[in-house]
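Report on the structure
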Amino acid sequence: MERTFEELLVEQCAPTLAGIKPASLFRYQGADRRQAVRTAAHWTRELAPFDIRVRILKVCPRTGAVLIYLYRETELEGLLAEPAVQAFLEGSGYRTEGGCPGLLRQLSRRLCLEEEFPHEIGVFLGYPLEDVVGFIRNQGQGFTCCGCWKVYGDPEAARQRFAGYRRCTDSWREQLRQGVAITRMLTA
(Lines give C-alpha, C1' and ligand atoms only; values in the text may rest on other atoms or scores of the structure.)
Protein backbone atom coordinates (compact mmCIF):
# COMPACT_ATOMS: atom_id res chain seq x y z
CA MET A 1 0.00 0.00 0.00
CA GLU A 2 1.42 3.37 -1.02
CA ARG A 3 1.55 6.00 1.70
CA THR A 4 0.49 9.59 1.17
CA PHE A 5 2.87 12.52 1.53
CA GLU A 6 1.15 13.43 4.80
CA GLU A 7 1.66 9.91 6.19
CA LEU A 8 5.34 9.98 5.22
CA LEU A 9 5.71 13.47 6.67
CA VAL A 10 4.36 12.34 10.04
CA GLU A 11 6.13 8.97 10.00
CA GLN A 12 9.53 10.42 9.13
CA CYS A 13 9.35 13.95 10.54
CA ALA A 14 7.09 14.01 13.63
CA PRO A 15 9.95 14.94 16.02
CA THR A 16 10.88 17.86 13.76
CA LEU A 17 7.27 18.93 13.36
CA ALA A 18 6.87 18.76 17.15
CA GLY A 19 10.00 20.87 17.72
CA ILE A 20 12.15 18.25 19.46
CA LYS A 21 14.51 17.71 16.52
CA PRO A 22 15.81 20.40 14.12
CA ALA A 23 15.47 18.49 10.85
CA SER A 24 14.40 15.29 9.12
CA LEU A 25 14.87 13.71 5.72
CA PHE A 26 12.77 11.33 3.65
CA ARG A 27 12.24 10.06 0.12
CA TYR A 28 8.97 10.77 -1.66
CA GLN A 29 7.83 9.21 -4.90
CA GLY A 30 5.01 11.16 -6.49
CA ALA A 31 3.10 10.18 -9.61
CA ASP A 32 5.83 12.04 -11.49
CA ARG A 33 8.52 14.62 -10.79
CA ARG A 34 6.20 17.60 -11.34
CA GLN A 35 3.64 16.23 -8.89
CA ALA A 36 6.34 15.63 -6.26
CA VAL A 37 7.62 19.19 -6.68
CA ARG A 38 4.06 20.60 -6.47
CA THR A 39 3.40 18.62 -3.28
CA ALA A 40 6.62 19.88 -1.70
CA ALA A 41 5.72 23.47 -2.69
CA HIS A 42 2.25 23.06 -1.14
CA TRP A 43 3.73 21.89 2.16
CA THR A 44 6.33 24.65 2.06
CA ARG A 45 3.45 27.15 2.09
CA GLU A 46 1.47 25.23 4.75
CA LEU A 47 4.37 24.94 7.17
CA ALA A 48 6.06 28.33 6.65
CA PRO A 49 3.97 30.08 9.38
CA PHE A 50 5.44 27.59 11.87
CA ASP A 51 9.09 28.37 10.94
CA ILE A 52 9.26 24.97 9.24
CA ARG A 53 10.75 24.72 5.77
CA VAL A 54 10.44 22.00 3.16
CA ARG A 55 13.28 21.72 0.69
CA ILE A 56 13.95 19.26 -2.08
CA LEU A 57 17.61 18.33 -1.77
CA LYS A 58 17.75 15.88 -4.66
CA VAL A 59 15.62 14.66 -7.55
CA CYS A 60 16.25 11.25 -9.07
CA PRO A 61 16.36 11.82 -12.83
CA ARG A 62 15.35 8.24 -13.53
CA THR A 63 12.35 7.79 -11.18
CA GLY A 64 11.38 11.37 -10.35
CA ALA A 65 11.57 10.55 -6.63
CA VAL A 66 12.62 13.46 -4.45
CA LEU A 67 14.64 13.67 -1.26
CA ILE A 68 12.68 15.94 1.07
CA TYR A 69 14.45 17.83 3.84
CA LEU A 70 12.15 19.28 6.48
CA TYR A 71 13.70 21.66 9.00
CA ARG A 72 12.96 24.24 11.64
CA GLU A 73 14.77 27.23 10.24
CA THR A 74 15.68 29.05 13.45
CA GLU A 75 16.88 25.86 15.17
CA LEU A 76 18.93 24.76 12.18
CA GLU A 77 20.54 28.19 11.79
CA GLY A 78 21.55 28.11 15.45
CA LEU A 79 22.93 24.59 15.18
CA LEU A 80 24.93 25.31 12.02
CA ALA A 81 26.33 28.50 13.56
CA GLU A 82 27.88 26.65 16.54
CA PRO A 83 31.69 27.05 16.36
CA ALA A 84 32.37 23.29 16.67
CA VAL A 85 29.88 22.51 13.88
CA GLN A 86 31.33 25.28 11.71
CA ALA A 87 34.85 23.91 12.22
CA PHE A 88 33.68 20.38 11.41
CA LEU A 89 31.90 21.49 8.23
CA GLU A 90 34.88 23.58 7.12
CA GLY A 91 37.09 20.55 7.72
CA SER A 92 34.68 18.56 5.52
CA GLY A 93 35.12 21.05 2.68
CA TYR A 94 32.11 23.32 3.23
CA ARG A 95 32.30 27.10 2.90
CA THR A 96 30.43 28.40 5.94
CA GLU A 97 30.29 32.11 5.12
CA GLY A 98 26.94 31.66 3.29
CA GLY A 99 25.19 30.61 6.48
CA CYS A 100 22.38 28.09 6.54
CA PRO A 101 21.15 28.67 2.94
CA GLY A 102 24.65 28.33 1.53
CA LEU A 103 25.35 25.20 3.55
CA LEU A 104 22.11 23.60 2.37
CA ARG A 105 23.00 24.37 -1.26
CA GLN A 106 26.38 22.70 -0.76
CA LEU A 107 24.76 19.68 0.91
CA SER A 108 22.30 19.39 -1.98
CA ARG A 109 25.16 19.48 -4.51
CA ARG A 110 27.03 16.78 -2.61
CA LEU A 111 23.93 14.59 -2.49
CA CYS A 112 23.53 14.95 -6.25
CA LEU A 113 27.21 14.32 -7.07
CA GLU A 114 28.15 11.54 -4.67
CA GLU A 115 26.99 7.93 -4.89
CA GLU A 116 26.62 7.60 -1.11
CA PHE A 117 25.13 9.96 1.43
CA PRO A 118 27.81 12.34 2.66
CA HIS A 119 28.35 11.36 6.29
CA GLU A 120 28.30 14.95 7.48
CA ILE A 121 24.56 14.97 6.73
CA GLY A 122 24.13 13.89 10.35
CA VAL A 123 24.84 17.40 11.63
CA PHE A 124 22.15 18.75 9.28
CA LEU A 125 19.72 16.28 10.88
CA GLY A 126 20.58 17.30 14.43
CA TYR A 127 22.65 14.26 15.35
CA PRO A 128 25.19 15.05 18.08
CA LEU A 129 28.48 16.13 16.55
CA GLU A 130 30.39 13.51 18.55
CA ASP A 131 28.26 10.80 16.92
CA VAL A 132 28.80 12.14 13.41
CA VAL A 133 32.55 12.44 13.97
CA GLY A 134 32.63 9.02 15.65
CA PHE A 135 30.83 7.42 12.71
CA ILE A 136 33.28 8.91 10.22
CA ARG A 137 36.40 8.09 12.28
CA ASN A 138 35.28 4.54 13.03
CA GLN A 139 33.76 3.89 9.58
CA GLY A 140 30.45 2.95 11.20
CA GLN A 141 32.02 0.40 13.56
CA GLY A 142 32.49 0.36 17.34
CA PHE A 143 29.38 2.34 18.26
CA THR A 144 27.95 2.27 21.80
CA CYS A 145 24.29 2.13 20.75
CA CYS A 146 22.27 2.12 17.54
CA GLY A 147 18.83 3.62 17.02
CA CYS A 148 17.93 6.48 14.72
CA TRP A 149 21.70 6.76 14.13
CA LYS A 150 24.87 5.10 15.42
CA VAL A 151 25.91 6.53 18.77
CA TYR A 152 29.50 7.03 19.86
CA GLY A 153 28.76 9.02 22.99
CA ASP A 154 26.45 8.37 25.95
CA PRO A 155 24.27 5.36 25.03
CA GLU A 156 21.70 5.94 27.79
CA ALA A 157 21.10 9.55 26.77
CA ALA A 158 20.73 8.38 23.17
CA ARG A 159 18.23 5.65 24.13
CA GLN A 160 16.14 8.22 25.98
CA ARG A 161 16.23 10.55 22.98
CA PHE A 162 15.25 7.73 20.59
CA ALA A 163 12.39 6.72 22.91
CA GLY A 164 11.14 10.32 22.92
CA TYR A 165 11.22 10.38 19.12
CA ARG A 166 9.23 7.10 19.00
CA ARG A 167 6.60 8.37 21.44
CA CYS A 168 6.24 11.56 19.45
CA THR A 169 5.92 9.70 16.15
CA ASP A 170 3.38 7.26 17.58
CA SER A 171 1.29 10.13 18.95
CA TRP A 172 1.36 12.09 15.69
CA ARG A 173 0.58 8.96 13.65
CA GLU A 174 -2.45 8.24 15.82
CA GLN A 175 -3.70 11.81 15.52
CA LEU A 176 -3.31 11.68 11.74
CA ARG A 177 -5.17 8.35 11.67
CA GLN A 178 -7.99 10.04 13.59
CA GLY A 179 -8.19 12.75 10.94
CA VAL A 180 -6.39 15.59 12.73
CA ALA A 181 -4.70 17.87 10.20
CA ILE A 182 -0.96 18.32 10.50
CA THR A 183 -1.30 22.10 10.79
CA ARG A 184 -3.76 21.58 13.65
CA MET A 185 -1.29 19.29 15.42
CA LEU A 186 1.30 22.06 15.12
CA THR A 187 -0.91 24.54 16.95
CA ALA A 188 -1.94 22.11 19.73
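Residues numbered from 1 in each chain as written. Predicted model: local features only at pLDDT ≥ 70, side-chain atom pairs only at ≥ 80, totals over all residues. Heavy atoms only, no water.

Some thoughts on the sheet that holds strand β1 (residues 23-28)
So the rule is basically this: What makes two strands pair is DSSP finding at least two bridges between them. Counting from the N terminus, the helices are the DSSP runs of H or I reaching at least four residues and the strands are the DSSP runs of E reaching at least two. The angle between two axes is taken between their N-to-C directions and runs from 0 to 180 degrees, where each axis is a line fitted to C-alpha atoms and a helix contributes only its stretch in contact. When checking whether two residues touch, look at their non-hydrogen atoms; a contact exists if any pair is within 4.5 Å.
Spatially, three strands are ordered β1-β3-β2 in an open sheet, and the strand pairing comes out antiparallel. Pairing within the sheet leaves two strands with one partner each, and these edge strands are β1 and β2 (52-59). Put simply, the sheet's adjacent strands are angled 25° from each other on average, direction ignored. Alignment of β1 against strand β3 (residues 66-72), held across six bridges, turns out to be antiparallel. By the bridge assignment, Arg27 is partnered in β3 with Leu67. Sheet strands touched by helix α3 (residues 73-81): β2 and β3. Its angle to β3, the strand with the most contacts, is close to 85°.

Details of the packing of α3 against helix α5 (residues 99-113)
Heads up, the condition is: Roughly parallel means an angle under 35 degrees; roughly antiparallel, over 145; roughly perpendicular, 65 to 115; everything else is oblique. The classification used treats Ala, Val, Leu, Ile, Met, Phe, Trp, Tyr, Cys and Pro as nonpolar, Asp, Glu, Lys and Arg as charged, and all other residues, Gly among them, as polar.
Their axes nearest at 9 Å, the elements α3 and α5 cross at an angle of 85°. As judged from the angle between their axes, α3 and α5 are roughly perpendicular. On the side of α3, the interface is formed by Leu76, Glu77 and Leu80, while α5 contributes Cys100, Leu103 and Leu104. In the contact of α3 with α5, the residues fall into five nonpolar, no polar and one charged.

Some thoughts on the environment of Ile121
So the rule is basically this: Each residue is placed in one exposure class: buried if its accessible area under a 1.4 Å probe, protein chains only, is under 20% of its type's maximum, exposed if it is over 50%, and partly exposed if it falls in between.
Mapping Ile121 onto the fold places it in helix α6 (residues 121-124). Its relative accessible area of 8% is what places Ile121 among the buried residues. A C-alpha to C-alpha distance of 9.8 Å links Ile121 and Leu25, two positions 96 residues apart in sequence. Apart from residues lying up to four places away in sequence, Ile121 is in contact with Leu25, Leu107 and Leu111.

Focus: the side chain of Arg110
How we decide: Between N or O atoms, a polar contact is any pair within 3.5 Å; within protein, one atom must be a potential hydrogen donor and the other a potential acceptor, and residues adjacent in sequence are included only when both atoms are from side chains.
Position of Arg110 relative to the elements: it lies in helix α5. A polar side-chain atom of Arg110 sits 3.3 Å from the main-chain carbonyl oxygen of Gly93. Arg110 has contacts with Ser92, Gly93, Tyr94, Pro118 and Glu120, leaving out every residue within four places of it along the chain.

A word on the packing of α3 against helix α4 (residues 83-91)
Running from N to C, α3 and α4 cross one another at 70°; their axes reach a closest spacing of 5 Å. Between α3 and α4, the angle is such that the two are roughly perpendicular. Of the residues in α4, those touching α3 at Leu79, Leu80 and Ala81 are Pro83, Val85, Gln86 and Leu89. Here the residues of the contact of α3 with α4 are counted per class, giving six nonpolar, one polar and no charged.

Some words on the pairing of β2
Looking at chain direction, β2 and β3 are connected through seven bridges and run antiparallel. Within β3, the residue paired with Ile56 across the bridge is Ile68. What sits between the antiparallel neighbours β2 and β3 is a turn of six residues, in which Gly64 has the positive phi angle 80°.

Observations regarding the environment of Leu103
For Leu103, the position within the fold is in helix α5. You can call Leu103 buried: its relative accessible area is 1%. Setting aside its immediate chain neighbours within four residues, Leu103 contacts Leu80, Leu89, Tyr94, Arg95, Thr96 and Phe124.

Digging into the environment of Ala181
Topologically, Ala181 is positioned in the loop between α8 (155-177) and α9 (182-187). Between the alpha carbons of Ala181 and Ile20 there is a distance of 19 Å; along the sequence they are 161 residues apart.

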